[in-house]
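Structural features, examined
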Amino acid sequence: MVAYLLVALGGALGSVARFGIGDLVSQKLGDTAAIFPWGTVVVNITGSFLIGFLGALTAPEGPMKPQSRIFATQFFMTGLCGGYTTFSSFSLQTLNLMRDGEWLYAGGNVLLSVFLCLIAVWLGWLLGAACNSLKGH
């Protein structure tokens, strides 16, 4: 039952963060945000970075003790990152761009989101792995 509570609390915080950051990006970019879903792209990239970082820290060779690893996985990775990243929003926005005949924007959204998120998760993993190497120091 505690695991469900941790996932729910993390998910609530992640959802609020997603809404706030998406709104902030849209405000900063003004009219361009109405044409292209920059807020979703930013959230997906930063969420991918965060889950990559946490993935490295929670790996068996990482610095966390088993109980901390369970907490980090449930609260942060499943809950917070799950509520924060917006792949379903990405999919709907891409579909809407295609339905509107905005094929270039739809393709750009797919390419930017997939490739930049893969790079972000890799960079997050590298940072987490670097932190792992410091665990004995």
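Residues numbered from 1 in each chain as written. Predicted model: local features only at pLDDT ≥ 70, side-chain atom pairs only at ≥ 80, totals over all residues. Heavy atoms only, no water.

Summing up its helical and strand segments, the protein chain has six helices and zero strands in all. Taken from N to C terminus, the helices and strands of the protein chain fall in the order α-α-α-α-α-α. A buried classification covers 32% of the 137 residues belonging to the protein chain. A separation threshold of at least 6 residues defines the contact pool for the protein chain, and within that pool the share at least 24 residues apart is 73%. For the protein chain, the accessible area works out to roughly 8,300 Å², and carbon and sulfur atoms hold 73% of it. Put simply, the protein chain has 6 plus and 5 minus side-chain charges, and the middle of one group is 19 Å from the middle of the other. (Helix = DSSP H or I, 4+ residues; strand = E, 2+ residues; numbered from the N terminus. Buried < 20%, exposed > 50% of the residue type's maximum accessible area, 1.4 Å probe, protein only. Contact = heavy atoms within 4.5 Å. Areas by Shrake-Rupley, 256 points an atom, 1.4 Å probe, with all protein chains shown as cover. Lys, Arg positive; Asp, Glu negative; His and termini not counted. Charge placed at Lys NZ, Arg CZ, Asp CG, Glu CD.)

To continue, consider the nonpolar core. For soluble globular proteins, the rule of thumb is that nonpolar side chains tend to be buried together. Judged by nonpolar contacts, F53, L54, L57, M77 and C81 together constitute the single largest core of five residues. Counting only elements with at least two residues in this core, the list comes to helix 3 (38-57) and helix 4 (66-84). With three residues, the single largest contributor to this core is helix 3. L54 has contacts with F76, M77 and C81, leaving out every residue within four places of it along the chain. (Core = buried A, V, L, I, M, F, W, Y, C linked by side-chain atoms within 4.5 Å.)

This part takes up the environment of G14. Position of G14 relative to the elements: it lies in helix 1 (residues 2-29). G14 sits in the buried class, given a relative accessible area of 0%. In sequence terms G14 and T73 are 59 residues apart; their C-alpha atoms lie 14 Å from each other. Among all residues touching G14, those that are not within four sequence positions of it are L80, G83 and Y84.

What follows deals with the packing of aromatic side chains. Counted by the stated rule, this structure contains six aromatic pairs. Seen in terms of ring centroids, F87 and F90 are 4.7 Å apart; in terms of plane orientation they differ by 40°. Their pairing is tilted. You can see F87 and its partner F90 sitting in helix 5 (residues 87-99), three residues apart, about one turn around the helix. A residue is classified by how much of its surface remains accessible, and F90, at 6% relative accessible area, is buried. (Phe/Tyr/Trp six-rings, centres within 6.5 Å; stacked < 30°, edge-to-face > 60°.)

Attention now goes to a nonpolar patch on the surface. On the surface, a cluster of nonpolar side chains totalling about 720 Å² of accessible area is made up of F49, L116, I119, W122, L123, W125, L126 and L127. Element by element, the count of residues in the nonpolar patch is highest for helix 6 (residues 103-133), at seven residues. Residue placement: W122 occurs in helix 6. (Patch = residues over 30% accessible without salt bridge, like charges linked within 9 Å, V, L, I, M, F, W, Y side chains within 5 Å. Salt bridge = Lys/Arg side-chain N within 4 Å of Asp/Glu carboxyl O.)

Moving on, we come to helix 5. In this model helix 5 runs 18 Å from its N-terminal to its C-terminal C-alpha over 13 residues, within 8% of the 18 Å that 1.5 Å per residue would give. Buried within helix 5 we find F90, T94 and L97. The buried residues of helix 5 all sit within an arc of 60° when viewed along its axis, so they share a single face. Of the exposed residues in helix 5, those oriented more than 90 degrees away from the buried face are S88 and R99. (Expected span 1.5 Å × (residues − 1). Arc of directions from axis to C-beta.)

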